[in-house]
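Structural features, examined
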Amino acid sequence: MSGIDPTLRREQFEYDLPPSAIAQAAVEPRDAARLLDTRDLTDHLFSELPQLLQPGDLLVVNETRVRRARLTGRRVDTGGSVELLVLDARGDGSWQCLCRPARRLRPGVEIAFDGMAAEILERPVAGRVPVRFTTSDQAPLEAWFQRTGELPLPPYFHGALDDPERYQTVFAQPVGSAAAPTAGLHFTPRVVTALQDRGVAIARVELRVGLDTFRPVSTERLADHVMHTEQIKVGPDTVEAVRLARQRRGWVIAVGTTVTRALETAATGDGNVRAVDGATDLFITPGYRFGVVDGLVTNFHVPGSTLVALVAAALDRWREAYETALARGYRFLSFGDAMYLETRGGRD
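Owing to the predicted nature of the structure, the values given are computational and were not obtained by experimental measurement.

Notes on the overall build of the protein
Counting its regular elements, the protein contains 7 helices and 17 strands. Against the globule reference of 20 Å for 348 residues, the protein gives a C-alpha radius of gyration of 21 Å, in line with a compact fold. Reported as C-alpha extents along the three principal axes, the dimensions of the protein are approximately 65 × 40 × 40 Å. Buried residues in the protein amount to 53% of all 348 residues. Look at the contacts in the protein between residues 6 or more apart in sequence, and 72% of them connect residues 24 or more apart. Carbon and sulfur atoms make up 49% of the accessible area of the protein, which amounts to about 15,200 Å² in all.

This is the structure:
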């Protein structure tokens, strides 16, 4: 992939993650999660985030909502069980899905669900297959997913949620993601109010999170890794919010790697953003020059993933931060703790 240092290797973004460090429960309240300030490696609670920011800053969140996208049905011809994970809509009215088992699925195979049928359109490739859904009552598909599907919790999470809404952020509105933008899971109305009282503005973008965001890099060289596209939306209100933050010399703080990629895709080259309603395959790796994002709130990510590469691009001492967090008992991955970092060396 052009623009990526050809010497970067996957092993540079691996680290030892003991299973005991992977969060298997959701902390309550949400803002009781821990927060590592990477500027001085000090420990905080997430509820203290407003004190780490400055009046005039702009915090940008991802408002996407996770689709209840895990569906279990049976083949019409054999009666065998099939599981589909709905990823995103295609332009022809079909949907891209992950399927299991994929080995014996062929074009034309029909799968029956409660109140809906699905037809396999092509042979699966790497477990992915285009599917056309038909509901028996002509109800909108999103309504059917919401009524019948299950939330696709991460495969490394073996715990249980008392309330499925715990895997949605307090900002969640438009449905469309296959996974939660996990850095946003720590926010509560109390934290939002404290940010506003601090003089920190909040803006929203949408990046419909796909599974490729989280999958490990499968090639030795990062330059050979293919980033699949994800849909993003940066609206006029956020464009204006970034402009005003620049005007008052505030920083733009991204909540999560998804927001970072959305904002950087929309960058205009002068610290601002333009309105975007489209797709991004932006792969941020060390050597990348950030055009918009000055700071980042993010969780601790899967070893060898594109997300670790993004964090390494923003924070030279990322490995020290991760090792510190592990040594201090921080909880990792989707329901784990968070850290705050800055993409440039301190404020003017």
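Remarks on the side chain of N272
Note on placement: N272 falls in the loop between α5 (257–265) and β15 (276–280). Residue N272 is classed as buried on the basis of its relative accessible area, which comes to 17%. Not counting residues up to four positions away in its chain, the partners in contact with N272 are V242, R243, R246, A266, A267 and V292.

Some points on the environment of R68
Tracing the sequence through the fold places R68 in the loop between β4 (65–66) and β5 (70–75). One polar contact links the side chain of R68 to the main-chain carbonyl oxygen of G149, over a distance of 3.1 Å.

Regarding empty space enclosed by the protein
Taken as a whole, this structure holds 5 cavities of 30 Å³ or more when the rule is applied. Put simply, the largest cavity is a space of about 80 Å³. Surrounding the largest cavity, 12 residues form its lining, P181, T182, A183, T257 and H301 being those nearest its centre. Sorting the residues of the lining of the largest cavity by element identifies α5 and β16 (295–299) as the ones contributing at least two each.

Focus: the sheet that holds strand β7 (residues 95–100)
Strand order in the closed barrel formed by 6 strands is β5-β6-β7-β10-β9-β8, and the pairing between neighbours is antiparallel. Going across the sheet, the axis of each strand differs from the next one's by a mean of 45 degrees, ignoring polarity. Relative to strand β9 (residues 116–120), strand β8 (residues 110–113) is paired through 4 bridges, and the arrangement is antiparallel. Each bridged residue has a counterpart across the sheet, and for F113 the counterpart in β9 is M116. Taken strand by strand, helix α2 (residues 141–148) contacts β5, β6 (81–89), β7, β8, β9 and β10 (128–135), and its axis lies near 95 degrees from that of β10.

Quick notes on a positive patch on the surface
Among the surface-exposed residues, R103, R104, R106 and R123 lie close enough to one another that they form a single positively charged patch. Within the element layout of this structure, R123 appears in the loop between β9 and β10. Owing to a relative accessible area of 51%, R123 belongs among the exposed residues under this scheme.

Thoughts on the packing of aromatic side chains
Following the criterion strictly, the structure yields 17 aromatic pairs and no others. Their ring planes at 75 degrees and their centres at 6.1 Å tell us that F113 and W144 sit as a pair that is edge-to-face. Placement of the pair is F113 in strand β8 and W144 in helix α2, with a sequence separation of 31 residues. A relative accessible area of 11% means that F113 is categorised as buried.

Section: the environment of E220
In this fold, E220 is placed in the loop between β12 (201–207) and β13 (230–234). Here E220 falls in the partly exposed class, since its relative accessible area comes to 43%. Along the primary structure E220 and R9 are separated by 211 residues, whereas in three dimensions their C-alpha atoms are 5.6 Å apart. Dropping the residues within four chain positions of it, E220 is found in contact with L8, R9, R10 and E11. A distance of 2.7 Å separates the side chain of E220 from the side chain of R10, its partner in a polar contact.

Some details on α2
Among the residues of α2, L141, W144 and F145 are the ones counted as buried. Here the buried residues of α2 occupy an arc of 100 degrees about the axis, which is enough to place them on one side. Elements that come into contact with the buried residues of α2 comprise β5, β6, β7, β8, β9 and β10.

A few points about the nonpolar core
Formed by 66 residues in total, the largest nonpolar core has its most connected members in Y167, L263, W318, Y322 and F332. The dominant element in this core, judged by the number of residues it contributes, is helix α6 (residues 306–314), at 7 residues. The residues touching Y167, leaving out its near neighbours within four places in the chain, are V66, L151, P152, L153, P154, L161, A179, A180, L185 and F335. Counting 24 residues, the second largest nonpolar core, distinct from the first, contains C97, L105, L141 and W144.

Here is what the cut-offs are and how they apply
- Residues numbered from 1 in each chain as written.
- Predicted model: local features only at pLDDT ≥ 70, side-chain atom pairs only at ≥ 80, totals over all residues.
- Heavy atoms only, no water.
- Helix = DSSP H or I, 4+ residues; strand = E, 2+ residues; numbered from the N terminus.
- Rg over C-alpha atoms; globule rule 2.2 N^0.38 Å.
- Buried < 20%, exposed > 50% of the residue type's maximum accessible area, 1.4 Å probe, protein only.
- Contact = heavy atoms within 4.5 Å.
- Areas by Shrake-Rupley, 256 points an atom, 1.4 Å probe, with all protein chains shown as cover.
- Polar contact = N/O pair within 3.5 Å; in protein donor to acceptor, adjacent residues only side chain to side chain.
- 1 Å grid on protein atoms, 1.4 Å probe; cavity = no way out; pocket = protein on both sides within 12 Å on 5 of 7 lines; lining within 4 Å.
- Points joined across faces, edges and corners; volume = space filled by probe spheres on them.
- Pairing = 2+ DSSP bridges.
- Axes fitted to C-alpha atoms, helices over the stretch in contact; angles between N-to-C directions.
- Patch = residues over 30% accessible without salt bridge, like charges linked within 9 Å, V, L, I, M, F, W, Y side chains within 5 Å.
- Salt bridge = Lys/Arg side-chain N within 4 Å of Asp/Glu carboxyl O.
- Lys, Arg positive; Asp, Glu negative; His and termini not counted.
- Charge placed at Lys NZ, Arg CZ, Asp CG, Glu CD.
- Phe/Tyr/Trp six-rings, centres within 6.5 Å; stacked < 30°, edge-to-face > 60°.
- Arc of directions from axis to C-beta.
- Core = buried A, V, L, I, M, F, W, Y, C linked by side-chain atoms within 4.5 Å.

The values reported here are purely geometric and, on their own, carry no functional implication.
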